[in-house]
Protein chains: 2
Amino acid sequence: MAQDEYQHALALLKEHRVRLTPQRKTILKYLIDHHTHPSVEMIYSDLKEHDDSISIATVYNTVRLLVDYHLVIELKNGDGSTHYDYFGRPHYHVVCDNCGKITDVFASQFADLTKELGQITREQTHYLVTRSDIEVHGLCPDCQAKLGLTTVATEVN
Amino acid sequence: MAQDEYQHALALLKEHRVRLTPQRKTILKYLIDHHTHPSVEMIYSDLKEHDDSISIATVYNTVRLLVDYHLVIELKNGDGSTHYDYFGRPHYHVVCDNCGKITDVFASQFADLTKELGQITREQTHYLVTRSDIEVHGLCPDCQAKLGLTTVATEVN
DNA sequence: GGCAATGTTGATAATAATTCTAAACTAGGA
DNA sequence: TCCTAGTTTAGAATTATTATCAACATTGCC
(Lines give C-alpha, C1' and ligand atoms only; values in the text may rest on other atoms or scores of the structure.)
Protein backbone atom coordinates (compact mmCIF):
# COMPACT_ATOMS: atom_id res chain seq x y z
CA MET A 1 0.00 0.00 0.00
CA ALA A 2 2.60 2.50 1.08
CA GLN A 3 4.72 1.05 -1.68
CA ASP A 4 1.93 1.77 -4.15
CA GLU A 5 1.68 5.33 -2.92
CA TYR A 6 5.39 5.73 -3.37
CA GLN A 7 5.41 4.37 -6.89
CA HIS A 8 2.40 6.46 -7.78
CA ALA A 9 4.02 9.61 -6.47
CA LEU A 10 7.29 8.87 -8.22
CA ALA A 11 5.47 8.32 -11.48
CA LEU A 12 3.67 11.64 -11.12
CA LEU A 13 6.93 13.49 -10.50
CA LYS A 14 8.66 11.70 -13.35
CA GLU A 15 5.84 12.68 -15.65
CA HIS A 16 6.55 16.29 -14.79
CA ARG A 17 10.27 15.89 -15.47
CA VAL A 18 11.14 16.39 -11.84
CA ARG A 19 14.59 15.04 -10.98
CA LEU A 20 14.32 12.15 -8.62
CA THR A 21 17.28 12.75 -6.40
CA PRO A 22 18.00 10.48 -3.43
CA GLN A 23 17.13 13.32 -1.07
CA ARG A 24 13.74 13.84 -2.65
CA LYS A 25 13.01 10.16 -2.62
CA THR A 26 14.00 9.93 1.01
CA ILE A 27 11.79 12.82 2.06
CA LEU A 28 8.87 11.59 -0.01
CA LYS A 29 9.18 8.12 1.46
CA TYR A 30 9.41 9.61 4.93
CA LEU A 31 6.20 11.56 4.43
CA ILE A 32 4.35 8.55 3.05
CA ASP A 33 5.45 6.36 5.93
CA HIS A 34 4.94 8.86 8.72
CA HIS A 35 1.45 10.23 9.08
CA THR A 36 2.61 12.13 12.13
CA HIS A 37 2.29 15.49 10.34
CA PRO A 38 5.93 16.45 10.89
CA SER A 39 7.42 19.90 10.62
CA VAL A 40 10.47 20.63 8.49
CA GLU A 41 12.58 20.51 11.62
CA MET A 42 11.21 17.08 12.56
CA ILE A 43 11.81 15.67 9.11
CA TYR A 44 15.29 17.09 9.10
CA SER A 45 16.37 15.74 12.47
CA ASP A 46 14.79 12.33 11.90
CA LEU A 47 16.51 11.91 8.58
CA LYS A 48 19.82 13.20 9.86
CA GLU A 49 19.69 10.58 12.59
CA HIS A 50 19.09 7.60 10.33
CA ASP A 51 20.48 8.45 6.98
CA ASP A 52 23.42 10.77 7.08
CA SER A 53 23.74 14.23 5.61
CA ILE A 54 20.78 16.11 4.28
CA SER A 55 20.53 19.86 4.36
CA ILE A 56 17.68 21.70 6.04
CA ALA A 57 17.45 23.83 2.92
CA THR A 58 16.84 20.71 0.88
CA VAL A 59 14.05 19.70 3.20
CA TYR A 60 12.44 23.11 2.75
CA ASN A 61 12.88 22.95 -1.00
CA THR A 62 11.55 19.44 -1.26
CA VAL A 63 8.45 19.88 0.84
CA ARG A 64 7.62 22.94 -1.19
CA LEU A 65 8.11 20.96 -4.37
CA LEU A 66 5.84 18.23 -3.09
CA VAL A 67 3.25 20.79 -2.03
CA ASP A 68 3.36 22.33 -5.50
CA TYR A 69 2.54 18.96 -7.01
CA HIS A 70 -0.23 18.44 -4.44
CA LEU A 71 1.39 15.29 -3.12
CA VAL A 72 1.76 16.89 0.27
CA ILE A 73 -0.21 19.58 2.04
CA GLU A 74 0.73 22.22 4.55
CA LEU A 75 -0.90 22.39 7.95
CA LYS A 76 -0.74 24.86 10.78
CA ASN A 77 -2.03 23.78 14.15
CA GLY A 78 -1.24 26.86 16.12
CA ASP A 79 2.15 26.26 17.67
CA GLY A 80 3.72 28.49 15.04
CA SER A 81 5.54 25.98 12.90
CA THR A 82 4.23 24.50 9.69
CA HIS A 83 3.47 20.81 9.40
CA TYR A 84 3.30 18.59 6.37
CA ASP A 85 1.17 15.63 5.45
CA TYR A 86 1.32 13.26 2.52
CA PHE A 87 -1.94 13.66 0.69
CA GLY A 88 -2.00 10.80 -1.78
CA ARG A 89 -5.45 9.66 -0.77
CA PRO A 90 -8.03 12.34 0.01
CA HIS A 91 -8.84 12.84 3.65
CA TYR A 92 -9.31 15.66 6.09
CA HIS A 93 -7.95 16.64 9.46
CA VAL A 94 -9.30 16.90 12.94
CA VAL A 95 -7.25 19.04 15.28
CA CYS A 96 -7.45 18.74 19.04
CA ASP A 97 -7.55 22.25 20.45
CA ASN A 98 -6.26 21.03 23.79
CA CYS A 99 -3.19 18.96 22.90
CA GLY A 100 -2.69 19.96 19.27
CA LYS A 101 -2.88 16.41 17.96
CA ILE A 102 -3.93 16.06 14.33
CA THR A 103 -5.97 13.03 13.26
CA ASP A 104 -6.66 11.94 9.70
CA VAL A 105 -10.18 11.02 8.65
CA PHE A 106 -10.63 8.93 5.56
CA ALA A 107 -14.40 9.06 5.67
CA SER A 108 -16.18 7.54 2.73
CA GLN A 109 -18.46 10.54 2.81
CA PHE A 110 -15.51 12.80 2.21
CA ALA A 111 -15.84 12.59 -1.55
CA ASP A 112 -19.53 13.50 -1.41
CA LEU A 113 -18.88 16.39 0.91
CA THR A 114 -16.16 17.88 -1.24
CA LYS A 115 -18.25 17.48 -4.34
CA GLU A 116 -21.15 19.28 -2.71
CA LEU A 117 -18.81 21.93 -1.44
CA GLY A 118 -17.37 22.43 -4.90
CA GLN A 119 -20.81 22.89 -6.40
CA ILE A 120 -21.95 25.38 -3.80
CA THR A 121 -18.73 27.29 -4.16
CA ARG A 122 -18.96 27.47 -7.92
CA GLU A 123 -22.51 28.75 -7.76
CA GLN A 124 -21.65 31.43 -5.26
CA THR A 125 -18.28 32.62 -6.48
CA HIS A 126 -17.80 31.35 -10.03
CA TYR A 127 -14.43 30.01 -9.00
CA LEU A 128 -13.12 27.02 -10.89
CA VAL A 129 -12.78 24.68 -7.93
CA THR A 130 -9.92 22.22 -7.89
CA ARG A 131 -9.81 20.91 -4.35
CA SER A 132 -10.92 21.41 -0.76
CA ASP A 133 -9.11 21.45 2.53
CA ILE A 134 -11.26 20.70 5.51
CA GLU A 135 -10.12 21.10 9.06
CA VAL A 136 -12.34 20.22 11.96
CA HIS A 137 -11.54 21.38 15.48
CA GLY A 138 -12.50 19.87 18.76
CA LEU A 139 -11.24 17.74 21.61
CA CYS A 140 -9.70 14.32 21.12
CA PRO A 141 -11.01 11.42 23.22
CA ASP A 142 -7.92 11.51 25.44
CA CYS A 143 -8.36 15.17 26.27
CA GLN A 144 -12.09 14.70 26.84
CA ALA A 145 -11.23 12.06 29.41
CA LYS A 146 -8.52 14.23 30.98
CA LEU A 147 -10.89 17.14 31.25
CA GLY A 148 -13.73 14.99 32.54
CA LEU A 149 -15.89 15.66 29.53
CA THR A 150 -16.65 12.11 28.50
CA THR A 151 -20.30 12.32 29.41
CA VAL A 152 -20.76 15.70 27.84
CA ALA A 153 -19.21 14.45 24.65
CA THR A 154 -22.06 12.14 23.90
CA GLU A 155 -24.63 14.82 24.50
CA VAL A 156 -23.25 17.53 22.32
CA ASN A 157 -24.42 17.54 18.75
CA MET B 1 -24.19 45.50 11.34
CA ALA B 2 -20.48 45.96 11.81
CA GLN B 3 -21.40 47.85 14.93
CA ASP B 4 -23.38 44.86 16.13
CA GLU B 5 -20.44 42.58 15.50
CA TYR B 6 -18.23 44.89 17.46
CA GLN B 7 -20.54 45.07 20.43
CA HIS B 8 -21.04 41.35 20.35
CA ALA B 9 -17.31 40.70 20.31
CA LEU B 10 -16.68 43.20 23.10
CA ALA B 11 -19.34 41.55 25.22
CA LEU B 12 -17.78 38.16 24.68
CA LEU B 13 -14.36 39.41 25.73
CA LYS B 14 -15.77 41.24 28.71
CA GLU B 15 -17.51 38.09 29.79
CA HIS B 16 -14.13 36.39 29.88
CA ARG B 17 -12.60 39.19 31.94
CA VAL B 18 -10.36 40.27 29.10
CA ARG B 19 -9.08 43.80 29.50
CA LEU B 20 -10.48 46.01 26.81
CA THR B 21 -7.53 48.22 26.11
CA PRO B 22 -7.68 50.86 23.37
CA GLN B 23 -5.16 48.85 21.33
CA ARG B 24 -7.28 45.73 21.46
CA LYS B 25 -10.41 47.63 20.56
CA THR B 26 -8.65 49.27 17.67
CA ILE B 27 -7.38 45.99 16.27
CA LEU B 28 -10.71 44.26 16.75
CA LYS B 29 -12.52 47.09 15.02
CA TYR B 30 -10.00 46.99 12.22
CA LEU B 31 -10.56 43.29 11.66
CA ILE B 32 -14.32 43.65 11.70
CA ASP B 33 -14.22 46.50 9.21
CA HIS B 34 -11.63 45.03 6.87
CA HIS B 35 -12.48 41.72 5.33
CA THR B 36 -9.30 41.93 3.33
CA HIS B 37 -7.65 39.11 5.32
CA PRO B 38 -4.71 41.23 6.45
CA SER B 39 -1.42 39.97 7.83
CA VAL B 40 0.01 41.23 11.10
CA GLU B 41 2.30 43.49 9.12
CA MET B 42 -0.64 44.97 7.20
CA ILE B 43 -2.64 45.60 10.35
CA TYR B 44 0.36 47.17 11.98
CA SER B 45 1.26 49.53 9.18
CA ASP B 46 -2.34 50.54 8.53
CA LEU B 47 -2.94 51.36 12.16
CA LYS B 48 0.35 53.14 12.56
CA GLU B 49 -0.58 55.35 9.65
CA HIS B 50 -3.98 56.43 10.96
CA ASP B 51 -3.83 56.17 14.68
CA ASP B 52 -0.43 56.80 16.13
CA SER B 53 1.71 54.44 18.12
CA ILE B 54 0.93 50.79 18.39
CA SER B 55 3.59 48.13 18.78
CA ILE B 56 3.94 45.23 16.40
CA ALA B 57 4.24 42.97 19.43
CA THR B 58 0.83 44.18 20.55
CA VAL B 59 -0.64 43.31 17.20
CA TYR B 60 0.82 39.82 17.50
CA ASN B 61 -0.47 39.48 21.05
CA THR B 62 -3.91 40.76 20.18
CA VAL B 63 -4.55 38.67 17.10
CA ARG B 64 -3.52 35.63 19.07
CA LEU B 65 -5.90 36.62 21.82
CA LEU B 66 -8.71 37.04 19.33
CA VAL B 67 -7.88 33.72 17.72
CA ASP B 68 -7.99 32.07 21.13
CA TYR B 69 -11.50 33.38 21.64
CA HIS B 70 -12.46 32.27 18.14
CA LEU B 71 -13.37 35.78 17.11
CA VAL B 72 -10.72 35.69 14.44
CA ILE B 73 -9.18 32.87 12.46
CA GLU B 74 -5.77 32.33 10.97
CA LEU B 75 -5.31 31.77 7.27
CA LYS B 76 -2.36 30.88 5.10
CA ASN B 77 -2.65 31.40 1.39
CA GLY B 78 0.75 30.25 0.34
CA ASP B 79 2.86 33.38 0.21
CA GLY B 80 4.38 32.44 3.55
CA SER B 81 2.81 34.99 5.83
CA THR B 82 -0.20 34.40 8.03
CA HIS B 83 -3.44 36.26 7.47
CA TYR B 84 -6.33 36.96 9.80
CA ASP B 85 -10.04 37.19 9.31
CA TYR B 86 -12.79 38.25 11.66
CA PHE B 87 -15.03 35.25 12.03
CA GLY B 88 -18.12 36.57 13.76
CA ARG B 89 -20.48 35.03 11.25
CA PRO B 90 -19.67 31.56 9.95
CA HIS B 91 -18.33 31.37 6.44
CA TYR B 92 -15.59 29.65 4.55
CA HIS B 93 -12.80 30.66 2.23
CA VAL B 94 -12.01 30.15 -1.38
CA VAL B 95 -8.39 30.70 -2.31
CA CYS B 96 -7.26 31.43 -5.84
CA ASP B 97 -4.16 29.36 -6.49
CA ASN B 98 -3.07 31.71 -9.23
CA CYS B 99 -3.27 35.16 -7.64
CA GLY B 100 -3.66 34.24 -3.97
CA LYS B 101 -6.89 36.16 -3.52
CA ILE B 102 -9.12 34.93 -0.70
CA THR B 103 -12.89 35.18 -1.07
CA ASP B 104 -15.45 34.70 1.69
CA VAL B 105 -18.49 32.53 1.08
CA PHE B 106 -21.48 32.94 3.32
CA ALA B 107 -23.43 30.13 1.75
CA SER B 108 -26.66 29.24 3.44
CA GLN B 109 -25.67 25.63 3.01
CA PHE B 110 -22.60 26.24 5.13
CA ALA B 111 -24.41 25.39 8.34
CA ASP B 112 -25.71 22.12 6.93
CA LEU B 113 -22.32 21.17 5.62
CA THR B 114 -20.56 21.77 8.91
CA LYS B 115 -23.23 19.92 10.79
CA GLU B 116 -22.87 16.92 8.52
CA LEU B 117 -19.12 17.16 8.81
CA GLY B 118 -19.32 17.24 12.58
CA GLN B 119 -21.46 14.14 12.66
CA ILE B 120 -19.21 12.16 10.35
CA THR B 121 -16.18 13.23 12.29
CA ARG B 122 -17.65 12.26 15.62
CA GLU B 123 -18.59 8.83 14.33
CA GLN B 124 -15.16 8.20 12.90
CA THR B 125 -12.90 9.70 15.53
CA HIS B 126 -14.95 10.21 18.70
CA TYR B 127 -13.68 13.75 18.85
CA LEU B 128 -15.89 16.32 20.51
CA VAL B 129 -16.31 18.61 17.53
CA THR B 130 -16.56 22.33 18.14
CA ARG B 131 -16.10 23.91 14.74
CA SER B 132 -14.92 23.46 11.17
CA ASP B 133 -12.63 25.41 8.92
CA ILE B 134 -13.18 24.85 5.25
CA GLU B 135 -10.86 26.10 2.58
CA VAL B 136 -11.60 25.57 -1.07
CA HIS B 137 -8.92 26.05 -3.70
CA GLY B 138 -9.29 26.91 -7.32
CA LEU B 139 -9.08 29.74 -9.81
CA CYS B 140 -10.97 32.99 -9.42
CA PRO B 141 -13.01 34.29 -12.37
CA ASP B 142 -10.37 36.91 -13.16
CA CYS B 143 -7.60 34.38 -13.39
CA GLN B 144 -9.76 32.03 -15.44
CA ALA B 145 -10.26 34.83 -17.93
CA LYS B 146 -6.56 35.74 -17.89
CA LEU B 147 -5.58 32.15 -18.51
CA GLY B 148 -8.21 31.68 -21.18
CA LEU B 149 -10.09 29.08 -19.20
CA THR B 150 -13.54 30.59 -19.23
CA THR B 151 -14.99 27.94 -21.49
CA VAL B 152 -13.34 25.11 -19.65
CA ALA B 153 -14.66 26.43 -16.38
CA THR B 154 -18.23 25.65 -17.27
CA GLU B 155 -17.38 22.14 -18.26
CA VAL B 156 -15.46 21.03 -15.24
CA ASN B 157 -17.50 19.47 -12.53
C1' DG C 1 28.31 2.47 -20.06
C1' DG C 2 30.05 7.33 -20.66
C1' DC C 3 29.19 12.37 -21.60
C1' DA C 4 27.27 16.85 -21.37
C1' DA C 5 23.61 19.86 -20.01
C1' DT C 6 21.05 21.34 -16.61
C1' DG C 7 18.83 21.10 -12.34
C1' DT C 8 19.89 20.06 -7.34
C1' DT C 9 22.43 19.96 -3.05
C1' DG C 10 24.69 21.63 1.02
C1' DA C 11 26.60 24.97 4.21
C1' DT C 12 25.90 29.09 5.64
C1' DA C 13 24.66 33.88 5.19
C1' DA C 14 20.82 36.82 4.96
C1' DT C 15 16.32 37.99 5.82
C1' DA C 16 11.75 37.64 7.65
C1' DA C 17 8.62 36.28 11.24
C1' DT C 18 7.63 35.83 15.88
C1' DT C 19 8.48 35.85 20.82
C1' DC C 20 10.70 37.55 24.93
C1' DT C 21 12.05 41.04 28.33
C1' DA C 22 11.76 44.53 31.61
C1' DA C 23 10.17 48.88 32.60
C1' DA C 24 6.29 51.99 32.25
C1' DC C 25 1.51 52.29 31.95
C1' DT C 26 -3.59 51.67 32.54
C1' DA C 27 -8.36 49.46 32.81
C1' DG C 28 -11.39 48.24 35.95
C1' DG C 29 -12.73 47.00 40.52
C1' DA C 30 -12.85 48.48 45.57
C1' DT D 1 -9.49 58.10 43.62
C1' DC D 2 -6.29 54.39 44.49
C1' DC D 3 -4.39 49.87 43.67
C1' DT D 4 -2.85 46.20 41.18
C1' DA D 5 -2.79 42.65 37.94
C1' DG D 6 -2.59 42.56 33.42
C1' DT D 7 -1.00 45.15 29.17
C1' DT D 8 1.91 47.91 26.19
C1' DT D 9 6.15 49.30 24.34
C1' DA D 10 10.71 49.17 22.04
C1' DG D 11 14.07 46.62 21.01
C1' DA D 12 16.74 42.45 21.71
C1' DA D 13 16.64 37.61 21.03
C1' DT D 14 15.06 33.76 18.93
C1' DT D 15 13.13 31.02 15.41
C1' DA D 16 11.66 30.14 10.70
C1' DT D 17 12.52 30.55 5.99
C1' DT D 18 14.91 31.92 1.79
C1' DA D 19 18.98 33.09 -1.04
C1' DT D 20 23.59 32.20 -2.64
C1' DC D 21 26.70 29.69 -5.34
C1' DA D 22 30.32 26.30 -6.00
C1' DA D 23 30.35 21.41 -6.22
C1' DC D 24 27.79 17.66 -7.58
C1' DA D 25 24.34 14.24 -9.53
C1' DT D 26 20.38 12.96 -12.69
C1' DT D 27 18.69 12.44 -17.07
C1' DG D 28 18.63 11.89 -21.93
C1' DC D 29 21.46 10.87 -25.67
C1' DC D 30 25.04 8.47 -28.05
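Residues numbered from 1 in each chain as written. Chains lettered and ligands numbered in written order. Predicted model: local features only at pLDDT ≥ 70, side-chain atom pairs only at ≥ 80, totals over all residues. Heavy atoms only, no water.

Student: Break down the overall build of chain A for me, citing the residues and quoting the values.
Tutor: Scanning chain A from terminus to terminus reveals seven helices and five strands. Listing the helices and strands of chain A from first to last along the sequence gives α-α-α-α-β-β-β-β-α-β-α-α. Contacts spanning at least 24 positions in sequence make up 47% of the contacts within chain A whose residues lie at least 6 apart. Split by element, the accessible area of chain A, about 8,500 Å² in all, is 49% carbon and sulfur. (Helix = DSSP H or I, 4+ residues; strand = E, 2+ residues; numbered from the N terminus. Contact = heavy atoms within 4.5 Å. Areas by Shrake-Rupley, 256 points an atom, 1.4 Å probe, with all protein chains shown as cover.)

Student: Before we move on, can you summarise the side chain of histidine 93 of chain B with the specific residues and values?
Tutor: All names here are of chain B. Within the element layout of this structure, histidine 93 appears in strand β3 (residues 92–96). Classification of histidine 93 as buried rests on a relative accessible area of 3%. Side-chain polar atoms of histidine 93 contact the side chain of aspartate 85, separated by 2.7 Å. In this structure the side chain of histidine 93 is engaged in a polar contact, spanning 3.2 Å, whose partner is the side chain of aspartate 104. When residues no more than four places from it in sequence are discounted, the contact partners of histidine 93 are His37, Ile73, Leu75, Asp85, Phe87, Ile102, Thr103, Asp104, Ile134, Glu135 and Val136. (Buried < 20%, exposed > 50% of the residue type's maximum accessible area, 1.4 Å probe, protein only. Polar contact = N/O pair within 3.5 Å; in protein donor to acceptor, adjacent residues only side chain to side chain.)

Student: Break down the interface of chain A and chain B for me, citing the residues and quoting the values.
Tutor: Taken residue by residue, the interface counts 44 residues in chain A and 44 residues in chain B. Summed over both sides, the interface between chain A and chain B buries roughly 3,900 Å², with carbon and sulfur atoms accounting for 58% of that surface. At the junction of chain A and chain B, the tally comes to two salt bridges. Seen at the junction of chain A and chain B, the total is 16 residue pairs in polar contact (both at pLDDT 80 or more). Its residues placed into classes, the side of chain A that touches chain B shows 20 nonpolar, 14 polar and ten charged. (Buried area = accessible area lost by both parts, 1.4 Å probe. Salt bridge = Lys/Arg side-chain N within 4 Å of Asp/Glu carboxyl O. Nonpolar A, V, L, I, M, F, W, Y, C, P; charged D, E, K, R; others polar.)

Student: Can you tell me about the relation of the copies chain A and chain B, naming the residues and giving the values?
Tutor: In the superposition of chain A on chain B (RMSD 0.2 Å, axial shift 0.1 Å), the rotation amounts to 179 degrees. Both copies are brought into coincidence by an operation consistent with a two-fold rotation axis. Across chain A, the smallest distance between a C-alpha and the rotation axis is recorded for isoleucine 134 of chain A, namely 2.2 Å. Both copies contact each other with a shared surface, as 100% of the interface residues of chain A are interface residues in chain B too. (Least-squares fit on C-alpha atoms with pLDDT ≥ 70 in both.)

Student: I'd like a description of the sheet that holds strand β4 (residues 102–105) of chain A, backed by residues and values.
Tutor: Across the sheet, which stays open at both edges, the six strands sit in the order β4(A)-β3(A)-β5(A)-β5(B)-β3(B)-β4(B) with mixed pairing between neighbours. Either end of the sheet is taken by a strand with one partner, and the two such strands are β4 of chain A together with β4 (102–105) of chain B. Neighbouring strand axes in the sheet, compared pairwise and without regard to direction, differ in orientation by 25 degrees on average. Pairing of strand β3 (residues 92–96) of chain A with β4 of chain A, which is carried by four bridges, proceeds in the antiparallel orientation. Paired with valine 95 of chain A across the bridge in β4 of chain A is isoleucine 102 of chain A. Docked against the sheet, helix α5 (residues 110–125) of chain A engages β3 and β5 (128–139) of chain A together with β3, β4 and β5 (128–139) of chain B, running at close to 120 degrees with respect to β5 of chain A. Each of β3, β4 and β5 of chain A together with β3 and β5 of chain B touches helix α5 (residues 109–125) of chain B; the most contacted strand, β5 of chain B, lies at about 120 degrees to it. (Pairing = 2+ DSSP bridges. Axes fitted to C-alpha atoms, helices over the stretch in contact; angles between N-to-C directions.)

Student: Can you tell me about the domain arrangement of chain A, naming the residues and giving the values?
Tutor: Residues and elements named next belong to chain A. Taken as a whole, chain A is organised into domain 1 (1–88) and domain 2 (90–157). At the junction of the two partners, domain 1 supplies eleven residues and domain 2 supplies nine residues. The interface formed by domain 1 and domain 2 contains zero salt bridges. For the interface between domain 1 and domain 2, the tally reads four residue pairs in polar contact (both at pLDDT 80 or more). (Domains from an automatic or database assignment.)

Student: Talk me through the state of the cysteines; I want residue IDs and the actual numbers.
Tutor: Applying the stated criterion across every chain yields a total of zero disulfides over all chains. With no disulfide of its own, cysteine 96 of chain A lies closest to cysteine 99 of chain A among cysteine sulfurs, the gap being 3.6 Å. Residue classification places cysteine 96 of chain A among the buried positions, given a relative accessible area of 1%. Free cysteine cysteine 143 of chain B: the closest other cysteine sulfur is in cysteine 140 of chain B, separated by 3.6 Å. Overall, the relative accessible area of 1% leaves cysteine 143 of chain B in the buried class. (Disulfide = S-S within 2.5 Å.)

Student: Can you explain the nonpolar core? Please cite residues and give values.
Tutor: Ranked by internal contacts, the top residues of the largest apolar core, which has 34 residues, are Tyr92 and Ile134 of chain A together with Tyr92 and Ile134 of chain B. Elements supplying a minimum of two residues to this core: β3, α5 and β5 of chain A together with β3, α5 and β5 of chain B. Here tyrosine 92 of chain A is in contact with Thr103, Asp104, Val105, Ala107, Phe110, Ile134 and Val136 of chain A together with Leu117, Ile120 and Thr121 of chain B, once residues within four sequence places are set aside. (Core = buried A, V, L, I, M, F, W, Y, C linked by side-chain atoms within 4.5 Å.)

Student: Quick one: what's the story with the protein's contact with DNA strand D, residue by residue and with numbers?
Tutor: If you check the shell around DNA strand D, you find 16 residues, and the closest are Tyr60 of chain A together with Thr21, Gln23, Arg24 and Thr58 of chain B. Here the atoms of DNA strand D within 4 Å of the protein split so that 71% fall in sugar or phosphate, with bases taking the remainder. A distance of 3.2 Å is found between a phosphate oxygen of DNA strand D and a side-chain nitrogen or oxygen belonging to threonine 82 of chain A. Here a phosphate oxygen of DNA strand D sits 3.0 Å away from a polar atom, N or O, in the main chain of serine 55 of chain B. (Near = heavy atom within 4 Å.)

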